[in-house]
Amino acid sequence: SQQGEEDPQALSIQEGENATMNCSYKTSINNLQWYRQNSGRGLVHLILIRSNEREKHSGRLRVTLDTSKKSSSLLITASRAADTASYFCATVAITQGGSEKLVFGKGTKLTVNP
Amino acid sequence: DAMVIQNPRYQVTQFGKPVTLSCSQTLNHNVMYWYQQKSSQAPKLLFHYYDKDFNNEADTPDNFQSRRPNTSFCFLDIRSPGLGDAAMYLCATSRDVTTGGRTEAFFGQGTRLTVV
């Protein structure tokens, strides 16, 4: 079953604008990750934020994590047409049996118009 | 160089005919995952291995089986594919760490399965 919920489901912006995507999750986590998927391809890891971190940057990406609200956001600044893709958050969830697994949210489909 | 390789990229199988998808990795990661992804949906976890320990998701149909003969290889067997099993199947690996949970996952390019 999916753990994360993301909004918006789809986002269309102009090149140069910023894009913000949000993710909420339900159970306790060790870390939260964001991935990108171009159409028909595998997923590519973008950034990982641990449960004891609140903010992380990587190039034009900024991720925040609020464990009290069980939510995270991904900000892409100065977007480019090449950023067009689907973006998924994923959590390393701890199961009742004590094992860990990577579970994905529903994703946001981002379109950046030239 | 590709680190997680899935073969084949495209697979067409007949309704009810067993099919096997393969995944290999050069990263020596101890965790391997199989996901099913249907069009415009999120990847859905089917099962994962931690070393040789197999962890099945509660809602994964019995029709889906997996084998991991060694660290490098993992197979997804669909015993009797139905039309509803047509999807992209994604293999991923990650390295477990003792603190902070697992590191990021590396994905293969996927196998797109068509059932006719």
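Structure first, text after, so check above.
What you see is a predicted model, and the numbers here were worked out from it, not measured in a lab. (Residues numbered from 1 in each chain as written. Chains lettered and ligands numbered in written order. Predicted model: local features only at pLDDT ≥ 70, side-chain atom pairs only at ≥ 80, totals over all residues. Heavy atoms only, no water.)

J.: An account of the sheet that holds strand S3 (residues 19-25) of chain B is requested, with residue identities and associated values reported.
T.: Residue and element names in this part refer to chain B. In space, the four strands of this open sheet follow the order S1-S3-S8-S7, with antiparallel pairing throughout. Each edge of the open sheet is held by one strand with a lone partner, namely strand S1 (4-7) and strand S7 (64-67). Taken over all neighbouring pairs, the strand axes of this sheet differ in orientation by 20 degrees on average, direction set aside. The sheet contact formed by S1 and S3 spans four bridges and is antiparallel. (Pairing = 2+ DSSP bridges. Helix = DSSP H or I, 4+ residues; strand = E, 2+ residues; numbered from the N terminus. Axes fitted to C-alpha atoms, helices over the stretch in contact; angles between N-to-C directions.)

J.: Give me the lowdown on the side chain of B:His29, citing residues and values where you can.
T.: Tracing the backbone shows B:His29 in the loop between S3 and strand S4 (31-37). Within polar-contact distance, the side chain of B:His29 engages the backbone nitrogen of B:Ser94 at 3.5 Å. (Polar contact = N/O pair within 3.5 Å; in protein donor to acceptor, adjacent residues only side chain to side chain.)

J.: Outline the pattern of salt bridges, listing residues and values.
T.: All names here are of chain B. In the structure shown here, the tally under the stated rule is six salt bridges over all chains. Between Lys44 and Asp59 there is a salt bridge; the shortest N-O distance is 3.5 Å. Of the two residues, Lys44 sits in strand S5 (residues 44-50) while Asp59 sits in the loop between strand S6 (53-56) and S7, which places them 15 residues apart along the sequence. The class for Asp59 is partly exposed, based on a relative accessible area of 39%. Across the salt bridge formed by Arg67 and Asp77, the nearest N and O atoms sit 2.7 Å from each other. You can see Arg67 sitting in strand S7 and its partner Asp77 sitting in strand S8 (residues 73-78), a full 10 residues away along the chain. You can call Arg67 partly exposed: its relative accessible area is 41%. Relative accessible area serves as the criterion here: at 14%, Asp77 is assigned to the buried category. (Salt bridge = Lys/Arg side-chain N within 4 Å of Asp/Glu carboxyl O. Buried < 20%, exposed > 50% of the residue type's maximum accessible area, 1.4 Å probe, protein only.)

J.: Could you give an account of the packing of aromatic side chains, with specific residues and numbers?
T.: Applying the stated criterion to the full structure yields 11 aromatic pairs over all chains. Between A:Tyr35 and A:Phe104, the aromatic rings sit 5.3 Å apart at their centres with planes inclined by 65 degrees, giving edge-to-face as the arrangement. One end of the pair, A:Tyr35, is in strand S4 (residues 29-37); the other, A:Phe104, is in strand S10 (residues 100-104), and 69 residues separate them in sequence. A relative accessible area of 0% means that A:Phe104 is categorised as buried. Chaining the aromatic ring pairs together yields one cluster made of A:Tyr35, A:Phe88, A:Phe104, B:Tyr33, B:Tyr35 and B:Phe107. (Phe/Tyr/Trp six-rings, centres within 6.5 Å; stacked < 30°, edge-to-face > 60°.)

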